[in-house]
Amino acid sequence: MMRDTNLTRRRFTALTATAALSTALAGCSGSGGDAANAADGGEGDATTAESTAEPTTESGGDGGSGGGSAPQFDGWFDNVDNYDGVTDETGSSTVTVTVGAQANGGAFGYGPAAVRVSPGTTVVWEWNGEGGSHNVAAADGGFESELVGDSGHTFEHTFEETGTYKYACTPHETLGMKGAVVVE
Ligand SMILES: [Cu+2]
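Everything quoted here is computed from the prediction, not taken from an experiment.

About the criteria used
- Residues numbered from 1 in each chain as written.
- Predicted model: local features only at pLDDT ≥ 70, side-chain atom pairs only at ≥ 80, totals over all residues.
- Heavy atoms only, no water.
- Salt bridge = Lys/Arg side-chain N within 4 Å of Asp/Glu carboxyl O.
- Helix = DSSP H or I, 4+ residues; strand = E, 2+ residues; numbered from the N terminus.
- Buried < 20%, exposed > 50% of the residue type's maximum accessible area, 1.4 Å probe, protein only.
- Core = buried A, V, L, I, M, F, W, Y, C linked by side-chain atoms within 4.5 Å.

Visitor: Talk me through the pattern of salt bridges; I want residue IDs and the actual numbers.
Guide: One pass over the full model with this rule turns up one salt bridge. As a salt-bridge pair, Arg-116 and Glu-184 come within 3.0 Å of each other at their nearest N and O atoms. Of this pair, Arg-116 sits in strand E4 (residues 114-117) while Glu-184 sits in the segment after strand E9 (178-183); the two residues are 68 residues apart in sequence, bridging distant segments of the chain. Assessed through its relative accessible area of 21%, Arg-116 is described here as partly exposed. Given a relative accessible area of 48%, Glu-184 falls into the partly exposed group.

Visitor: Report on the nonpolar core, specifying residues and quantitative values.
Guide: Formed by 22 residues in total, the largest nonpolar core has its most connected members in Tyr-110, Trp-125, Val-136, Phe-143, Phe-159, Tyr-167 and Val-181. Taken together, the elements giving at least two residues each to this core come down to strand E2 (94-103), strand E3 (106-111), E4, strand E5 (121-127), strand E7 (154-159), strand E8 (163-168) and E9. Core analysis: the next-biggest nonpolar cluster, separate from the first, contains eleven residues, Val-86, Ala-113, Ala-114 and Val-182 among them.

Visitor: Describe unusual backbone geometry, listing the residues and the values that go with them.
Guide: Residue Pro-112 follows Gly-111 across a cis peptide bond; omega there is -5°. Within the element layout of this structure, Pro-112 appears in the loop between E3 and E4. Despite not being glycine, Asp-74 has its phi angle at roughly 60°, a positive value. Inspection of the secondary structure puts Asp-74 in the loop between helix H3 (46-52) and strand E1 (87-88). Although it is not a glycine, Asn-104 adopts a positive phi angle of roughly 60°. For Asn-104, the location among the structural elements is in the loop between E2 and E3.

Written out as structure tokens, the structure is:
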């Protein structure tokens, strides 16, 4: 009984710490802020929580009951034939996305099209040299790579703040060469 309570508490503390961290980094973390504060009664647990904060691999049980469709994308992936849900890469410090993946009638995709990462993660886009020249251009203008076709070319962006970041390849957006990074 003590054991269980303890475990639950640790998990909860870990979540709390993550939320608090996001808040600190983002300055505004919309949801969860209240819960985090309420649960934050503990004194010095933060250190423990930090080292325990990574085993979130099997999340989804908590909030993501929907799983399949992703309302936060607002139709962004409607014409993207390689969109296959959001690949969970939370906890990774670096995530690589292929530019020129087979999709949308040619080598016109990002692979994977959508990834979920933790704040502070660097996403590295790596060109595979297929499908001509591509770029990585944020829908809101927050980042934009060169337009190149060279295999091995890379572009990276570090996502500090929570949110949903849509991006596309300017010349191939209409074909469905679009992606998104979800930071949470
Ligand atoms: Cu392209």
